[in-house]
Amino acid sequence: MALIDFHCHLDLYPDPAATAQKADDEGVYVLSVTTTPTAFVGTAALARPGSRIRTALGLHPELAALRRHELVLFKELLPKVDYVGEVGLDGSKPHKSTLNIQAEVLHEILDLCAASGGRTISLHSRGASEMLLDMLEFEPRAGRFVLHWFSTGQMTIERASRLGCWFSVGSSMLLSKSGREAVSAMPRDRILPETDGPFAMHNGIVREPGDQGRVYQAVAELWGCGSAEVEATMTRNFRRLVEASQRNSQERLPSNT
Ligand SMILES: [Zn+2]
């Protein structure tokens, strides 16, 4: 089985090195997202050379107000990465008061990505999905947008689809009715698996990277097909996105001629 986890916080598991090693041994393709630029170097070191783990440079919206000064480091590290995340907006009650600062930080991040040729970006949007789409619409050159755990209404999902966004979904999202309705509204050729581990739980146990492919079964029930078909579709989607990211990366490299 091809295990893919397009949004996982490897560095936040109790034993990051052991978790990364296990994921590597199992051949899981992991997008290892980070929450601050300071965390990037240490987290990137969890991925051994030749592994299927890719590390994304992030500045989580819940930390954006406190860590705004780390945008300097973000800018410095950006040329080294193909992937950015976790970034975005959080308009939920505990973080609503910093939403303006979050938007300024995200605006700067999208600008930096656009100015340096675009990136593949994993985005958080809790309680601020329309505002996030407004910002992405304003800066399409920032790259390819992957909306993580995008549990919103059908109209918003259709809007995101029209903007060309991708979606990463986990089996925790599919536990709620609203989550299942959201996933049903997403275009099947732009969905990827994620866990959001270690934040996502399964029967009280933290989901491990790849989550043993449980998301395939959960989505299969929704699509009314077999889990092998979901796996094939999501694997195809993943390859397409990675190829687009690699092409983009090649184009950014200064030519020697
Ligand atoms: Zn996350």
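Residues numbered from 1 in each chain as written. Predicted model: local features only at pLDDT ≥ 70, side-chain atom pairs only at ≥ 80, totals over all residues. Heavy atoms only, no water.

Novice: What is the right way to read the pairing of strand β2 (residues 29–32) from this model?
Specialist: In regular strands, side chains alternate between the two faces of the sheet. In the sheet, strand β1 (residues 4–8) pairs with β2 via three bridges, with the strands oriented parallel. Within β2, the position partnered with C8 by the bridge is S32. Handedness of the β-α-β unit built from β1, helix α1 (residues 16–25) and β2 comes out right-handed. Direction of pairing for β2 relative to strand β3 (residues 53–55): parallel, over a ladder of three bridges. By the bridge assignment, L31 is partnered in β3 with R54. (Pairing = 2+ DSSP bridges. Helix = DSSP H or I, 4+ residues; strand = E, 2+ residues; numbered from the N terminus. Right-handed = clockwise from strand over helix to strand, strands pointing away.)

Novice: Sorry, what's going on with the coordination of the zinc ion here?
Specialist: Six octahedrally arranged donors around a metal ideally form angles of 90 or 180 degrees; four tetrahedrally arranged donors ideally form angles of 109.5 degrees. In this structure, H7 (NE2), H9 (NE2), E86 (OE) and D196 (OD) serve as the protein donors to the zinc ion, at separations of 2.2 to 2.3 Å. The coordination sphere of the zinc ion comprises four donor atoms, whose angles at the metal cover 83 to 175°; the geometry is irregular. Sequence spacing of the donor residues for the zinc ion, all on one chain, is H-x1-H-x76-E-x109-D. Placement of the pair is H9 in the loop between β1 and α1 and E86 in strand β4 (residues 83–88), with a sequence separation of 77 residues. In this structure H9 comes out as buried when scored by relative accessible area, which is 1%. Judged by its relative accessible area of 1%, E86 falls in the buried class. (Donors = N, O, S within 2.8 Å, 3.2 Å for Na, K, Ca; no water. Tetrahedral: all angles 85-135°; square planar, octahedral: opposite > 155°, others 65-115°. Buried < 20%, exposed > 50% of the residue type's maximum accessible area, 1.4 Å probe, protein only.)

Novice: Whenever I open this one, the nonpolar core confuses me. Can you help?
Specialist: Buried together is how nonpolar side chains tend to be arranged in soluble globular proteins. Residues L147 and M186 are the most contacted members of the largest nonpolar core, which totals 61 residues. By residue number, the principal contributor to this core is helix α4 (residues 99–115), which donates eight residues. Shared between two domains, this core takes at least three residues from each, and those domains are domain 1 (34–141) and domain 2 (149–251). With sequence-adjacent residues up to four places away left out, L147 is seen in contact with L123, L132, L133, L136, A160, C165, W166, F167 and S168. Listed in part, the eleven residues of the second largest apolar core include L10, A20, A23 and I53. (Core = buried A, V, L, I, M, F, W, Y, C linked by side-chain atoms within 4.5 Å. Domains from an automatic or database assignment. Contact = heavy atoms within 4.5 Å.)

Novice: Looking at this structure, how should I read the packing of helix α8 (residues 214–223) against helix α9 (residues 227–252)?
Specialist: Packed helices, taken two at a time, are described by their axes: the angle between them and the distance between them. Contact geometry of α8 with α9 gives a least axis separation of 8 Å together with a crossing angle of 105°. Here α9 runs roughly perpendicular to α8, going by the angle between their axes. Taking contact as the criterion, the partners of Y216, Q217, V219, A220 and W223 in α8 are, on α9, S227, V230, E231, T233, M234 and T235. Residue classes in the contact of α8 with α9 are distributed as six nonpolar, four polar and one charged. (Axes fitted to C-alpha atoms, helices over the stretch in contact; angles between N-to-C directions. Parallel < 35°, antiparallel > 145°, perpendicular 65-115°, else oblique. Nonpolar A, V, L, I, M, F, W, Y, C, P; charged D, E, K, R; others polar.)

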